[in-house]
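Structural overview
Read off the chains here:
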Amino acid sequence: MGRGLIAGAAVLGLGILPGCTADPVDIGTAAAGGGVEAAQRFDFSPEQDDRVRTDIDPKAAALVPESVAADGKLTVAATPAAVPLGFAATDQSTVVGSEVDLAQLMADKLGLELEVEATTWENWPLRLETGQIETVMINVGLTEPRLELYDFATYRTAYMGFEARQGSEFHVEGPEDISGLKVSVSPGTNQDAILLEWNRELEERGLEPAELSYYLNDADAILSLVSGRTDLHLGPYPGGSFREDSGSETEVVGRISAGWPNNTLVAAPTAKDSGLAPALEAALDSAMGDGSYEAALERWGLQDEGLDDSRTVTDAQQMRDALSAS
């Protein structure tokens, strides 16, 4: 199946320590190309004084399970790996970004204090299953296999974007467009699975597969792309769009559904049968109704990723219903 190698961040236990991520301004430079311009347009501070806040919704708050309400906190996992979704602020430890902003709105609506736990993509399932966290805001795509383990509340559309250096002639619509190219991706993600499937299709057709290079965060992957070590990067579309809009050295040259070949949505996973997903749905719906949800997305340039309503998804039929309504 395609060739691959681990590159970029050190893979010690497949983890990235929150304090060991790239400097936030360097994240702006490496992940957004024009870091100074991005820093002027967006708030990279740990205080996040202009973060959108909202008021408690008593009806939503009444749905919070006692196990969550007991300590008065909503404990949410986020990862400092991808601007603008989640990244390290200028103190190099606080995780900020659009995912944290939406988590804050949910906590506000539920009358809970937000507690953000920095983690990595590969560690969130175990932390959720062992009760260390209560939900996850790391651009998790809704898939049938995940429904066997978690309940979800949907909150954003889900697309992946192919990025190339500015001025390249690449345009990606399908597997044949990556044949023989070097493509970076995060391991164990939806986009990794998509590329592996595309490589399988290429090999079946007698075409050269892409060479996959694995990076644990966008900053390292984009540095590799800009330096010419790779030809393309496949990651969450919001990150690529953010970089391009921020005066980047990269541009988006293709967009596909995160659930390719099917559509999917980004959703907040909760422990199976915990009862938290309906509360999150109610909180999100309330934020969508009062305008705070749209304002939070617009703050990071992600207004085109918004939904009209949230859905609790606990089984395949509910997933199909949510996708058809989006």
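Residues numbered from 1 in each chain as written. Predicted model: local features only at pLDDT ≥ 70, side-chain atom pairs only at ≥ 80, totals over all residues. Heavy atoms only, no water.

Looking at the packing of aromatic side chains
Our working rule: In this analysis, rings of Phe, Tyr and Trp, with Trp reduced to its six-membered ring, are considered paired at centre separations within 6.5 Å, and the interplanar angle assigns stacked below 30 degrees, edge-to-face beyond 60, and tilted for intermediate values. Each helix corresponds to a stretch of at least 4 residues labelled H or I by DSSP, and each strand to a stretch of at least 2 residues labelled E; elements are numbered beginning at the N terminus. Summary of the burial criterion: residues with accessible area below 20% of their type's maximum are buried, those above 50% are exposed, and those between are partly exposed, where the area comes from a 1.4 Å probe applied to protein chains only.
Scanning all chains against the criterion turns up nine aromatic pairs. On the numbers, 5.9 Å between centres and 75° between planes, the contact of tryptophan 121 with tryptophan 124 is edge-to-face. Their ring planes at 20° and their centres at 5.6 Å tell us that phenylalanine 162 and tryptophan 198 sit as a pair that is stacked. Of this pair, phenylalanine 162 sits in strand S8 (residues 159-165) while tryptophan 198 sits in helix H8 (residues 190-204), placing them 36 residues apart in sequence. Neither residue differs from the other here; phenylalanine 162 and tryptophan 198 are each classed as buried.

Re the sheet that holds strand S5 (residues 113-118)
Sheet strands pair via backbone hydrogen bonds, and the direction of the pair is either parallel or antiparallel. Cut-off, in case you're wondering: Note on pairing: DSSP must find at least two bridges between two strands before they are called paired. Throughout, a residue-residue contact means that at least one pair of heavy atoms, one from each residue, lies within 4.5 Å. Structural elements are reduced to axes, namely lines fitted to C-alpha atoms, with helices fitted over the stretch in contact, and the angle between N-to-C directions of any two is expressed from 0 to 180 degrees.
Ordered by their spatial adjacency, three strands build an open sheet running S5-S2-S6, and the pairing between neighbours is parallel. Two strands close off the open sheet at either side, each with one partner strand: S5 and strand S6 (135-136). Sheet topology note: the strand S2 (residues 73-78)/S5 ladder contains six bridges and is parallel. Looking across to S5, one finds that valine 76 is bridged to valine 116. Sheet strands in contact with helix H5 (residues 98-110) are S2 and S5, and its direction is about 150° off that of S5.

Observations regarding the sheet that holds strand S14 (residues 312-313)
Spatially, S13-S7-S14 is the arrangement adopted by the three strands of the open sheet, whose pairing is antiparallel. Bordering the open sheet on either side are strand S13 (265-271) and S14, each of which pairs with just one other strand. As judged from the seven bridges shared by strand S7 (residues 150-157) and S13, these two strands associate in the antiparallel manner. The residue bridging threonine 154 from the neighbouring strand is alanine 267, located in S13. Set on the sheet, helix H11 (residues 276-290) makes contact with S7, S13 and S14; between it and S7 the angle comes to about 20°.

Points about the environment of alanine 282
Relative to the helices and strands, alanine 282 is located in helix H11. Separated by 28 residues in the primary sequence, alanine 282 and serine 310 have C-alpha atoms spaced 7.7 Å apart. Setting aside chain neighbours within four positions, we find alanine 282 in contact with Ala60 and Leu63.

Some details on the packing of H5 against H11
So the rule is basically this: The labels follow the angle: roughly parallel below 35 degrees, roughly antiparallel above 145, roughly perpendicular from 65 to 115, and oblique for the rest.
Where H5 contacts H11, the axes come no closer than 9 Å and their chain directions differ by 100°. Comparing their axes, H11 and H5 come out roughly perpendicular. In this structure, H5 contributes Leu105, Met106, Lys109 and Leu110 to the contact, and H11 contributes Ala279, Leu280, Ala283, Leu284, Ser286, Ala287 and Asp290.

Topic: the confidence of the model for the protein
Do not read the fine detail of predicted coordinates wherever pLDDT is low. Counted only if it meets this: pLDDT measures the predictor's confidence residue by residue and takes values from 0 up to 100.
On average, residues of the protein carry a pLDDT of 88, and 88% of them reach 70 or more. Predicted confidence for residues 1-36 stays below pLDDT 50, and this span has 82 contacts to residues more than four positions away or in other chains.

Some points on the pattern of salt bridges
The criterion, for reference: Definition used for salt bridges: Asp or Glu carboxyl oxygen within 4 Å of a side-chain nitrogen of Lys or Arg.
This model, assessed by the stated rule, comprises 17 salt bridges. A salt bridge links aspartate 290 to lysine 109; the shortest N-O distance between them is 2.6 Å. Here aspartate 290, found in helix H11, pairs with lysine 109, found in helix H5; they are 181 residues apart in sequence, far enough to count as distant. Judged by relative accessible area, aspartate 290 falls into the partly exposed class, the value being 40%. Residue lysine 109 is classed as buried on the basis of its relative accessible area, which comes to 5%. Through salt bridges with shared partners, one network takes in Asp43, Asp50, Arg51, Asp101 and Arg299.

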